[in-house]
Every structure is written in C-alpha cells, then in structure tokens.
Amino acid sequence: MTHNFLSPLTGSFAMPAAENPTVAMIEAAYRHHGLDWRYLNCEVAPSALADAVRGARAMGWMGFNCSIPHKVAVIEHLDGLGESARIIGAVNTVVRRGERLIGENTDGKGFVAALAPIVDPAGKRVVLLGAGGAARAVGVEMALAGAAEIAIVNRSAGRGEEVAAIIDANTPAIVRYQPWMSRYVVPEGTDILINATSIGLFPDVEAMPDIDADSLRPDMVVADGIPNPPLTPFLRAAQARGCRTADGLGMLVNQGIVAIRYWTGIDADAAVMRRALLDLGL
Ligand code: NDP
C-alpha cells in the first residue's frame, strides 16, 4: 500500500497568536471531513512577515489567515486581491491559486453568511455601529450583498466618514455617517442593527453600546460581531425586545467556512466548528 505523507499546509500569521482559537475550529473541520490537512498557528512579528510569506510560498502552503497586525501589511507580499479585500483595503485570508497568492477578506463574508438564515440584506436598511476593521468589512460586504441604505454610527468622525466614503465609492448602497454623541436612538424603519465595535468583548463582558434599548423593535434583526462571549448584553437587550439575533461566534465560524472553501473546495460543517469553539469555553 502506498502512503502520502505530505499534508497540505494552511495556518495563521499573527502577533500575538497564542490566544487565537481559529486553529481549534479549522482543525476540527479538517478532521470531521477526513481531510489530511494541517493548520499551523504561527506567531510572526511585523519585521518577519515578508520572510513568513516567502516561506509559505517555498513550502507550497495552500493558504493562510492574517490577523493583527498583518492585515494591511501583507498586501505588498501578494500577487493580487479579491474584490472585497481590494475595497476593504485589508486581507485576512490568503489563497494559493496556481503559483499566485491572492488576498481575500472573509470577515464581512462570514458575517453575511451567518446572517443568511435569519435575513437577506438585499434591499434592507442597516445601522452599523463602529468604523474599525471589522465594521469596514461588514459594511462593504452588506453593501455588496444588496443592502439599500447603511448608516455608519461611530464615535470618531474621521473613521466613520472614511468607511462611509469607501462604501459610497464602491457599491450602489446609499450610505451616510452619523456621529455617535450620546445615547443612540435607532431610527424607525431600520431592518438590521449591527454592533461592529469592540464593546462587550472579554474581559469587559458587561459593557454595552450606548443605544436606547426602547428604540429596538421586534421586527429588527440585531447582530453582534463580538465572538467572546457569544451572548452579549447587547444581544440580551435585543432578545428582551423580541428581536431576532445573530452572534459573533456565527460570524467567526462562517469566516472559517469561507476560508476552508477557498483552500479545499469543501463546505465545512458549521455545527462541528461552533462546537469546537464552545468546547474551549467561548
Ligand atoms: P478596531 O479597534 O479597528 O475598531 C473598534 C471600533 O469600536 C471603533 O469603531 C471604535 O470607535 C469602537 N469603539 C471602541 N470602544 C468604544 C466605545 N467605548 N464607545 C464607542 N465606540 C467604541 O477593532 P476591529 O474593528 O478590528 O474589531 C472590533 C470587534 O470586532 C472586536 O471586538 C473583534 O473581536 C470583533 N471581530 C469579530 C470577528 C468575528 O469573526 N466574530 C472578526 C473580526 C473582528 P472609534 O473609531 O471612535 O475609536
């Protein structure tokens, strides 16, 4: 009997890397689907990024994720970008296509996929809290998925206006920036409200975006990007008002599904991946 001892390699380049749980989720999917693939979680300093990418090329890696602080810096080491990575200006997943390394961004795609069983963004009015990297990816991808109107609500005007300008220049969505000065009243007619700020992330688990909970209505879908903990005070408040909700763990799992599809061509089982993360205590 002949054996193939050469496993296809994937992984992650980040710093810090030790607390990134993605490896557990991706390897659970590889095992579940009988793929003899590996995902290596690598700590890569900014000064070593060029060598790390060269190494991945030399070793024939099938692809890798990039996290903080490499999402923008990696671009100059790649051979091309997918559409949303180009618009967002950041890459979190690199895919080997032939001899080329192509940068993709799965942050927003994962978010839209997690939302899909609950609501189709097409034609919807969206309020997006935040204007950092996650918000930029989510906003662009919601617009590419057909959202009609997007209000970017952010504390700092510069970042908010920048995200609004990017969406406006690259998608048909009607987008505006709204300053977030005091308790935010969600406008009537809003279909989807999204928290893409870092408010509520462990260890600050009782923190909640400053919104007027009374302005949440049962016909709204409310989504949170915070993966840890999955049930945030923001989502609890929305559920108490009768809203349907989507959590940040779903976004994380669906990002992984998109990356695995890019690398291997298979559709990984979301339940297996979510279980792998919950087993870690997320
Ligand atoms: P950034 O640091 O780039 O952006 C943080 C955002 O939160 C900014 O808009 C910032 O506003 C806002 N913010 C932070 N604190 C406050 C506050 N007290 N009041 C009002 N606004 C505030 O972070 P990222 O965009 O990279 O990440 C945001 C979150 O998304 C993180 O918690 C991360 O865990 C999560 N995430 C989840 C993913 C998933 O798969 N579930 C994937 C990627 C990210 P300002 O501009 O005014 O500073």
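See above for the structure.
Keep in mind that what you see is a predicted model, and the values were worked out from it rather than measured.

Asker: Can you walk me through the nonpolar core in this structure?
Answerer: The nonpolar side chains of a soluble globular protein tend to be buried with one another. F111, L115, M142, I150, I152, I167 and I194 are the most contacted members of the largest nonpolar core, which totals 33 residues. Tallying contributions element by element places helix 5 (residues 133-144) first for this core, with six residues. Residues I26, Y39, L249 and A259 belong to the second largest nonpolar core, which totals 17 residues.

Asker: It is not clear to me how the environment of G160 should be interpreted in this structure. Could you clarify?
Answerer: One can find G160 in helix 6 (residues 157-170). Counting along the chain gives 94 residues from G160 to C66, while the straight-line C-alpha distance between them is 24 Å. With sequence-adjacent residues up to four places away left out, G160 is seen in contact with A131, I152, N154 and Y177.

Asker: I would appreciate a short explanation of the site of the ligand in the present structure.
Answerer: Taken together, 22 residues surround the ligand, and among them A131, A134, N154, G225 and Q255 come closest. Separating an oxygen atom of the ligand from a backbone N or O atom of A131 is a distance of 2.9 Å. Within the backbone of S198, one N or O atom sits 3.3 Å away from an oxygen atom of the ligand. Across the complex, the protein chains shield 75% of the 930 Å² of accessible surface that the ligand would expose by itself. At the level of elements, helix 5 and helix 8 (248-264) are the ones that each hand at least two residues to the shell around the ligand. The element best represented in the shell around the ligand is helix 8, accounting for four residues. The two domains that each donate at least three residues to the shell around the ligand are domain 1 (9-105 + 251-278) and domain 2 (109-246).

Asker: Is there a simple way to think about the pattern of salt bridges in this case?
Answerer: Here the idea is simple: oppositely charged side chains can pair when their charged atoms come close. Taken as a whole and assessed by the stated rule, the structure comprises 13 salt bridges. A salt bridge links R54 to D51; the nearest nitrogen and oxygen atoms lie 2.7 Å apart. Highlighted residues: R54 and D51, both in helix 2 (residues 49-58), separated by three residues, approximately one helical turn. Notably, a salt bridge pairs E162 with R136, separated by 2.8 Å at the nearest N-O pair. Here the residue E162 occupies a position in helix 6, and R136 occupies one in helix 5, the gap between them amounting to 26 residues. The partly exposed category is assigned to E162, whose relative accessible area is 41%.

Rules used throughout
- Residue indices begin from 1 for each chain and proceed along its sequence in written order.
- Selection of residues for local features in this predicted model requires a pLDDT of at least 70, selection of side-chain atom pairs for listing and counting requires 80 or more, and totals for whole chains, interfaces and linings are taken over all residues.
- Each side-chain value is worked out from all heavy atoms of the structure, with water and hydrogens disregarded.
- For this analysis, a nonpolar core means a set of buried residues of the types Ala, Val, Leu, Ile, Met, Phe, Trp, Tyr and Cys, connected via side-chain atoms within 4.5 Å.
- Note on exposure labels: buried denotes an accessible area under 20% of the residue type's maximum, exposed denotes more than 50%, and partly exposed covers the range between, all computed with a 1.4 Å probe on protein chains only.
- Put simply, DSSP H or I for four residues or longer makes a helix, DSSP E for two residues or longer makes a strand, and each gets a number counted from the N terminus.
- Contacts between residues were defined by any pair of non-hydrogen atoms, one from each residue, lying within 4.5 Å.
- For each residue, the test is whether any non-hydrogen atom lies within 4 Å of the molecule or strand; if one does, the residue is near.
- Pairs of N or O atoms are called polar contacts if they sit within 3.5 Å, as long as, within protein, a hydrogen donor faces a hydrogen acceptor (for residues adjacent in sequence, only side-chain-to-side-chain pairs).
- Note that accessible areas follow from Shrake-Rupley with a 1.4 Å probe, and for residues the cover is restricted to the protein chains shown.
- Either an automatic procedure or a domain database provided the assignment from which the domain bounds are taken.
- In what follows, salt bridge is the name for a side-chain nitrogen of Lys or Arg lying within 4 Å of a carboxyl oxygen of Asp or Glu.

Remember, this is a structural readout, not a statement about activity or role.
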